[in-house]
Amino acid sequence: MPDTPVTTSPPPGAEDAGDVRAGRRKGASRTSRASRRPRETEGADSGRQFVAALARGLDVLSAFRVSDGPLGNQELAERTGLPKPTVSRITHTLMELGYLSYNPRLANYELGGRTLKLAFTALERLDIRRVARPLMQELANAGDMNISLTVRERQSVICIETCEGSALIGLRLPVGARMPIATTSAGKAWLAGATPEERAAVLEELRRQKPEDFPKLKAAVDAAVAEIREKGYCTSIGEWQRDINGAGAPIILPDGRGVYALGLGGPAYLLGEKEIHERFGPMLARTARAIADQLGGVTRPPA
């Protein structure tokens, strides 16, 4: 795959000029726009080392999701909270560098070759995927369900490896799928395995984003931490989606190599709470422990 795909782009600045004029007609204020820039606010406390322009470019790349088709500048602006003229300049730059590819007929973008190369390189360097996959597949076959290996990405966990059993009906989560961190079993397992400082930072962001839901989310996370310390796994019973149940277990690697979470899930009528506690939760905890043992890690956070 070439690093820089051959693409056609809109004339540089053509869209920006119209957007700026439209913004002036609408009386858009710098204050209102700045309030929609979580990355800049997030970086404000990081000191002079933080490069806001780079952060905005990465925000645009992060706006693409597995379930999406191509995205236009308007959609990217809505997802990132950045002004559309800013997004237009960023997408043009990323397209020129090969990180986005541009469809001139539809005037939208997809992730380009250099972005995919980065993703594949990152995945191939993760030893945990190589170690985890055969053990995950064994568990998926035994339970006829989806097993996912996840890592945190902001307020979500993202699947970096998945295995499925032979059942025709079940939960399908491809590599790259995102799940909310505080309502899924894998997400809560990651939080349980994180350091107290990491967990507090995620919870603070959840409190800011979802103040009305926060007491319930905080209680669920606290319960998951206690459950994992006692049993080695935590559960999500209809918390993410009403008809989906699951279990999660953390994998804590040494020497700062990160926290991962193993999760299983399925429809509630196939994966009941009783079955999770009597069979699948303990199976998941044993699989997580086997993966951690091979990598020198642990599966239960210190008390």
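Just so it is clear, the structure is predicted and the values come from calculations on it, not from any experiment.

**Q** How should I be thinking about the environment of Val87 in this particular structure?
**A** Among the structural elements, Val87 can be located in helix H6 (residues 84-96). Taking the C-alpha atoms as reference points, Val87 and Gly57, 30 residues apart in sequence, are found 8.3 Å from one another. Beyond its immediate stretch of four places on either side in the chain, Val87 contacts Asn73, Leu76, Ala77, Thr80 and Leu82.

**Q** For this particular structure, what's the right way to read the sheet that holds strand S7 (residues 244-252)?
**A** Strand pairing in a sheet relies on backbone hydrogen bonds. The paired strands run either parallel or antiparallel. The strand order S5-S4-S3-S8-S7-S6 describes an open sheet built from 6 strands, whose pairing is antiparallel. The open sheet terminates on both sides in strands that have one partner only, identified here as strand S5 (178-180) and strand S6 (234-237). The sheet shows a mean angle of 35° between the axes of neighbouring strands, taken without regard to direction. With 9 bridges joining them, S7 and strand S8 (residues 259-267) adopt antiparallel strand pairing. When the bridges of S8 are listed, Ile252 appears paired with Val259. Strands S6 and S7 of the sheet are contacted by helix H11 (residues 214-231), whose axis makes an angle of about 135° with S6. Sheet strands touched by helix H12 (residues 273-295): S6, S7 and S8. Its angle to S7, the strand with the most contacts, is close to 25°.

**Q** Is there a simple way to explain the environment of Tyr102 in this structure?
**A** Checked against the element boundaries, Tyr102 lands in strand S1 (residues 100-103). The class for Tyr102 is buried, based on a relative accessible area of 14%. Distance from Tyr102 to His92, taken between C-alpha atoms, is 8.8 Å for residues 10 residues apart in sequence.

**Q** Looking at this structure, I do not really get the side chain of Thr184. What am I missing?
**A** Within the fold, Thr184 resides in the loop between S5 and helix H9 (185-193). Once you skip the residues sitting within four places of it in the chain, Thr184 turns out to touch Val157, Met179, Ser236 and Trp240.

**Q** Mind showing me how you'd approach a nonpolar patch on the surface here?
**A** A grouping of Val51, Leu54 and Leu58 is seen on the molecular surface, where their side chains present a nonpolar patch of about 280 Å² in accessible area. Tracing the backbone through its elements, the reader meets Val51 in the loop between helix H3 (38-43) and helix H4 (52-62).

**Q** Please clarify how unusual backbone geometry should be interpreted in this entry.
**A** Peptide bonds are, in most cases, trans, and in most cases residues other than glycine have a negative phi. Phi is positive for Ala107, which is not a glycine, with a value near 55°. Not every positive phi belongs to a glycine, and Arg154 is a case in point at roughly 60°. Here Arg154 shows up in the loop between strand S3 (146-153) and strand S4 (156-164).

**Q** What am I meant to see in H6 here?
**A** One full turn of an α-helix is made of 3.6 residues, so residues set three or four places apart face in the same direction. Over its 13 residues, H6 runs 18 Å from end to end, which matches the ideal 18 Å to within 8%, given 1.5 Å per residue. Taken residue by residue, H6 has Pro85, Thr86, Val87, Ser88, Ile90, Thr91, His92, Leu94 and Met95 as its buried positions. The first or second residue beyond H6 is Gly98, which carries a positive phi of 90°.

**Q** Before we go on, may I ask you to explain empty space enclosed by the protein in this structure?
**A** To find the voids left in a structure, one rolls a probe of water-molecule size over its atoms. The tally for this structure, following the rule as stated, stands at 1 cavity of 30 Å³ or more. Considered as a void within the structure, the largest cavity measures approximately 150 Å³ in volume. Met179, Ser185, Trp240, Leu264 and Gly265 are, among the 18 residues lining the largest cavity, the residues nearest its centre. Among the secondary structure elements, those contributing two or more residues to the lining of the largest cavity are S3, H9, S7 and S8. Of the residues assigned to the lining of the largest cavity, the class counts are 7 nonpolar, 11 polar and no charged.

**Q** Which parts of the structure should I look at to understand the confidence of the model for the chain?
**A** Interpreting fine coordinate detail is not advised for predicted regions of low pLDDT. Across the chain, pLDDT averages 80, with 79% of residues at or above 70. Averaged pLDDT values for the elements of the chain fall to 36 in helix H2 (residues 30-34) and rise to 95 in H9.

**Q** Help me understand the pairing of S3 in this model?
**A** Moving residue by residue along a regular strand, the side chains alternate between the two faces of the sheet. Taken together, the 8 bridges between S3 and S4 define a ladder with antiparallel strand orientation. Residue pairing in the sheet places Asn146 in a bridge with Glu164 of S4. Where S3 folds back onto S4 in an antiparallel hairpin, the turn is made up of 2 residues, including Arg154, whose phi is positive at roughly 60°. Across 5 bridges, the pairing between S3 and S8 is antiparallel. Bridging from a neighbouring strand, Ile147 pairs with Leu264 of S8.

What counts as what
- Residues numbered from 1 in each chain as written.
- Predicted model: local features only at pLDDT ≥ 70, side-chain atom pairs only at ≥ 80, totals over all residues.
- Heavy atoms only, no water.
- Helix = DSSP H or I, 4+ residues; strand = E, 2+ residues; numbered from the N terminus.
- Contact = heavy atoms within 4.5 Å.
- Pairing = 2+ DSSP bridges.
- Axes fitted to C-alpha atoms, helices over the stretch in contact; angles between N-to-C directions.
- Buried < 20%, exposed > 50% of the residue type's maximum accessible area, 1.4 Å probe, protein only.
- Patch = residues over 30% accessible without salt bridge, like charges linked within 9 Å, V, L, I, M, F, W, Y side chains within 5 Å.
- Areas by Shrake-Rupley, 256 points an atom, 1.4 Å probe, with all protein chains shown as cover.
- Salt bridge = Lys/Arg side-chain N within 4 Å of Asp/Glu carboxyl O.
- Expected span 1.5 Å × (residues − 1).
- 1 Å grid on protein atoms, 1.4 Å probe; cavity = no way out; pocket = protein on both sides within 12 Å on 5 of 7 lines; lining within 4 Å.
- Points joined across faces, edges and corners; volume = space filled by probe spheres on them.
- Nonpolar A, V, L, I, M, F, W, Y, C, P; charged D, E, K, R; others polar.
- pLDDT = per-residue confidence, 0-100.

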